[in-house]
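Observations on the model geometry
Residue-level listing of the chains:
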Amino acid sequence: AALMTELQPDVLVMNEVDSCTSRTGNVHQLEAFVSEMPEGWEGQYAPALKPYKGGAYGVAEAWNSNRMKEVGGFNVLLPKGDGSEYRALVVKEYENMVVAGTHLEVRSENMRFVQLGIITDTLTTLYGASGKPVFLCGDFNAYPDSKVIEMAKQNWDLLSVEKTTYPKGDKWEGLGSVPERVDDTPGICIDYIFILKNGVKYELLGSDVGVGFNAGTALTASDHLPVFVDVRF
C-alpha cells in the first residue's frame, strides 16, 4: 500500500488476492489493503476459487473514490477447461472509463485463448460502443511475442512497456521467448495493460515497471513487479 500510494494511481488491479484463507491468516487481503491506502479508497473482489483453504482466491480492483465516480461493476468466472484452475475477471465501470482485471491460465495455452476470448467478447459487447476507454490489466501468463498476446492485439492496443514483471518464472508451453530484463533481476514479462480498440482517442503519456520506491522495493514486496501507465483521454 505504501508503494502504491507513491504512484498516486486512480485505479489499481491486483492478482492472486486471498480472502480469509488459512494460508494468509484468515485476512481479507483486499479489505486490509484498502484500509492501508489513503482515505477514500474502495475495492471490489472477484473470487476465482471458492471455497479455497477456508476462504477464496481471486483478483481485485481498487480505486480512489475521491477522483473516480463508480457507476457499476460485475465479476465473471472464467472456465477451467484443461487448465490448472478457474480464473476470474473483475470489471468496474466509472463515469469516464472502464477498467477490468484478470489472471489468465498458467499451464494451458488453449485455455488462455478461451479465457481471453470470453473477456474480449464480454467487454466489447457491453462497452464497445460506450464512448469510454476500456482498460484490461493483469497477469496474462504469456510473453510479449506469444500467440496469446498476438491474439489480444487484434482487439486491444498494448499500453504497458515490455519489461520484466515476474522475477522468477516457469516457462510453460506457449509463453514465447524471454523479453527485456529490469535491472539485474532474471525474469519474464507476463503482466500487461491494454486498451480496447473501440475508437476512443487517447494519448499514452508514459509507462514503466516499478522497482525502487521511497517506502521500499517491489522486488521484496511481491513476486510480481507493478506495471503502470499514464493515459490522457
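Refer to the preceding data block for the structure.
The rules behind each value
Residues numbered from 1 in each chain as written. Predicted model: local features only at pLDDT ≥ 70, side-chain atom pairs only at ≥ 80, totals over all residues. Heavy atoms only, no water. Helix = DSSP H or I, 4+ residues; strand = E, 2+ residues; numbered from the N terminus. Rg over C-alpha atoms; globule rule 2.2 N^0.38 Å. Buried < 20%, exposed > 50% of the residue type's maximum accessible area, 1.4 Å probe, protein only. Contact = heavy atoms within 4.5 Å. Lys, Arg positive; Asp, Glu negative; His and termini not counted. Charge placed at Lys NZ, Arg CZ, Asp CG, Glu CD. Phe/Tyr/Trp six-rings, centres within 6.5 Å; stacked < 30°, edge-to-face > 60°.

All right, on to the overall build of the protein chain then. Along the backbone of the protein chain there are 5 helices and 13 strands. For 233 residues, the compact-globule estimate of 2.2 N^0.38 gives 17 Å, and the protein chain sits close to it at 17 Å. Dimensions of the protein chain, computed from C-alpha atoms along their principal axes, come out at roughly 40 × 40 × 40 Å. Out of the 233 residues in the protein chain, the part that is buried amounts to 50%. Summarising the internal contacts of the protein chain: among those between residues at least 6 apart in sequence, 68% fall at separations of at least 24. Across the protein chain, 20 positive and 32 negative side-chain charges occur, with their mean positions spaced 3 Å apart.

What follows is about the packing of aromatic side chains. Under the counting rule described, the total for this entry stands at 6 aromatic pairs. With centroids separated by 5.6 Å and ring planes inclined at 45 degrees, the aromatic side chains of tyrosine 52 and tyrosine 57 adopt a geometry described as tilted. The exposure class of tyrosine 52 is partly exposed, given its relative accessible area of 21%. Geometrically, the ring pair formed by phenylalanine 140 and phenylalanine 194 is tilted, given 5.3 Å between the ring centres and 50 degrees between the ring planes. Of this pair, phenylalanine 140 sits in the loop between strand E7 (134-139) and helix H4 (147-152) while phenylalanine 194 sits in strand E9 (residues 191-196), placing them 54 residues apart in sequence. Phenylalanine 140 sits in the buried class, given a relative accessible area of 0%. Given a relative accessible area of 0%, phenylalanine 194 falls into the buried group. Through successive ring pairs, a cluster of aromatic residues spans Phe140, Tyr192 and Phe194.

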